[in-house]
Every structure is written in C-alpha cells, then in structure tokens.
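Architecture and fold: a report
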Amino acid sequence: MSSRGTVIKKVVLDVLKPLEPSIIEMASRLASISHVNNVIITSVEIDRSTESVKISIEGDDIDMDKIKTAIEELGAVIHSVDEVTSAKRKKTLT
Amino acid sequence: MSSIFERILSFLRKFQNYMKISKVTAISRRYFVMNSFDGAMVALGIVLGSYTTEITDPRIIIGIGMGAGLAMFFSGFTGAYITERAERLREYKELEHNLLKSLDETIHKKALEIASLWVAIIDGGSPVVFLLIILSPFFFSILNLVSLGVAYALSILITFLALFLLGVFIGRISKENLIISGIKMLAAGLSVFAISLLIGGL
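Now for a quick tour of the structure.

Attention shifts here to the sheet that holds strand β4 (residues 77-88) of chain A. All names here are of chain A. With antiparallel pairing, the four strands of this open sheet are ordered in space as β2-β3-β1-β4. Edge strands, defined here as strands with exactly one partner in the open sheet, are β2 (36-46) and β4. This sheet shows a mean twist of 15° between the axes of neighbouring strands, independent of strand direction. Helix-sheet contacts for helix α2 (residues 64-73) involve β1 (6-18), β2, β3 (50-59) and β4, and the interaxial angle to β1 is about 15°.

Once that is clear, we can look at the nonpolar core. By size, the foremost hydrophobic cluster in this structure holds 26 residues, and its most contacted members are Leu44, Val47, Ile61, Leu135, Phe138, Tyr152 and Ile156 of chain B. Where this core is concerned, the elements lending two or more residues are α2 (25-52), α3 (58-99), α4 (107-142), α5 (148-174) and α6 (178-201) of chain B. Not counting the four nearest positions on each side in its chain, Ile156 of chain B is found in contact with Leu44, Val47, Leu48 and Phe193 of chain B. Core analysis: the second largest hydrophobic core is formed by 25 residues, Leu13, Val15 and Ile57 of chain A together with Tyr18 of chain B among them.

Every contact between the two is made by 13 residues of chain B and, on the other side, 16 residues of chain A. Interface area, chain B with chain A, both sides summed: about 1100 Å², of which 55% is carbon and sulfur. On inspection of chain B and its partner chain A, the count reaches two salt bridges. Glu94 of chain B is the salt-bridge partner of Arg48 of chain A, the closest N and O atoms lying 2.6 Å from each other. At the boundary of chain B with chain A, the tally comes to seven residue pairs in polar contact (both at pLDDT 80 or more). Going through the elements one at a time, α1 (2-22), α3 and α4 of chain B are the ones with two or more residues in the side of chain B that touches chain A. Top element by residues in the side of chain B that touches chain A is α3 of chain B. It accounts for four residues.

Turning next to a nonpolar patch on the surface. On the surface, Ile4, Ile8, Phe11 and Leu12 of chain B cluster together into a nonpolar patch covering about 420 Å² of accessible area. Looking at the secondary structure, you find Ile4 of chain B in helix α1.

So, how was this worked out
- Residues numbered from 1 in each chain as written.
- Chains lettered and ligands numbered in written order.
- Predicted model: local features only at pLDDT ≥ 70, side-chain atom pairs only at ≥ 80, totals over all residues.
- Heavy atoms only, no water.
- Pairing = 2+ DSSP bridges.
- Helix = DSSP H or I, 4+ residues; strand = E, 2+ residues; numbered from the N terminus.
- Axes fitted to C-alpha atoms, helices over the stretch in contact; angles between N-to-C directions.
- Contact = heavy atoms within 4.5 Å.
- Core = buried A, V, L, I, M, F, W, Y, C linked by side-chain atoms within 4.5 Å.
- Buried < 20%, exposed > 50% of the residue type's maximum accessible area, 1.4 Å probe, protein only.
- Buried area = accessible area lost by both parts, 1.4 Å probe.
- Salt bridge = Lys/Arg side-chain N within 4 Å of Asp/Glu carboxyl O.
- Polar contact = N/O pair within 3.5 Å; in protein donor to acceptor, adjacent residues only side chain to side chain.
- Patch = residues over 30% accessible without salt bridge, like charges linked within 9 Å, V, L, I, M, F, W, Y side chains within 5 Å.
- Areas by Shrake-Rupley, 256 points an atom, 1.4 Å probe, with all protein chains shown as cover.

See below:
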C-alpha cells in the first residue's frame, strides 16, 4: 500500500509461477483487483512444472498487499520487484 | 434469484479451474468410460444370470443389483480417492520443491482435494448410475407396470443401447467414426450375451 501522500502507479515484478493457472488466468485475476488498470505478463522461461514471468502492473493507486496476496494464492512467488513508478497523490476538491 | 445463478456459475468456473490445474479432465473421462462399461457389464451379467436361472421375482434381481452397485461404488470411490490423491500429492510436493515454498494456502491445495474427490465420485458413481438405469425395468416390474418378461427384454436392450452410446462417446474423444466405435462396444455386450445364454443352456 502506498503512503498517504503518494501512490504507486506501476510495478514490474519478477515472479516464479506453476504452469497452471496460465498467464492468461493470472493476468485476469490481477486485473480484477481494484485500482489496477493494465496488467502485462511476459513469459521469460518455461521449465517442466514452473514458469518465470515478468509482470507489469499499471494502475492509479496500486495496493501491493492485494497484489502479493493474489499472486501467492495462485501458487506463485515474487522473486524481486524490478521497477516501481510512484507519484504524488492528486488532491481532490471536497 | 440471479445471485443464486451467479453463485452457481462462479462455483462452476472455480471447479473448472481446479480441474484444469490438477489436470484430471482426461483421467475422469477415462474412469467414466471404463467404470460405466464395468457397471453395464455387471448389470448385463446379473440380468442374464437371473434369466438363465429362471428367477421370477424382480425383487431378487434388484437386491442383487443393489448389492453389486454398493460394492462397486465403495470399491471405486475409495480406490480412486486413495490412488488419485497420492498421485496428485506427489505432483503437488514436487511443485512445492520446485517453487521452494509451501502451497498450502493456494489454489493448488484446493485443486488437489477437490480433483481427488471428483475423480473418486466419477469412479464410484458411474458404474452405479449405469447399473441402476439398466435394472430400472425391474423396478417397473415390481410396481406391476410391466411384466417380468418385458423387464428382462427392456433391460437387455437398454444395456446394448448404453454400450453403443459409450462407444459413440469414445469415438467422439478419439475423433473416429462414431458408429464403428459404438458397434465395437456393442460387440462386447453381444459376446457376453451369447456366452451367458450358451452357458445357461447347458
């Protein structure tokens, strides 16, 4: 979760996942999380039972805890966070 | 109303996902064909055996059928559950080893349990369903809706039809000629029929 004054706009993760669920199912599961606008998953390496993928997630206020939980529920492991884009939270008029 | 429909739909989607993850679709299809064939053959055996030994009380035939069905269900269910769970667990542990993490709180653990149970239900349930369908004319005979002779004839006809349809189903899987595949399965039933009558006539 982003801190009060800032939001996470984009993260790129290096993830090791089982072959099933496929990257299509993984992408649609991640895209269903609130504030996530785009999910791009690229397969990097395929093994006998696992697959290394790069997951790029874009949104207006990405909740990292929700992303982590969703990835772990699918049986995958986050190896590293390779890129993060953060920005100041836009002030809304009340 | 729509929420119930949505829940059912969501359950079916999850169920389909579990089947895909645990890769049991082909196995359960195989078990379904193999055990339905077993069930149909056992039913045919009971019907022909009853006919050749001149059993005239449909209750006896139903009783024998129920006993055989129950035994087939428990044998199929427990056997398939234990062996399939062991197979799935092996793959599951291998995956845990490759990922270097526990998969206990993941979709994979649920898939393991549900898929093993599903395969066991198919394995134990399919012969019983076929057995009950084939013996169903004897239920009508108990209710005096059909005579015993008609029940025997109907039961044998249903068996042949069931075997033919199973053959067609196999033909659809292998993308072969459906009629030829159906006839192959039917030939097995006809052989049992001929041999039983021959032995019964001696």
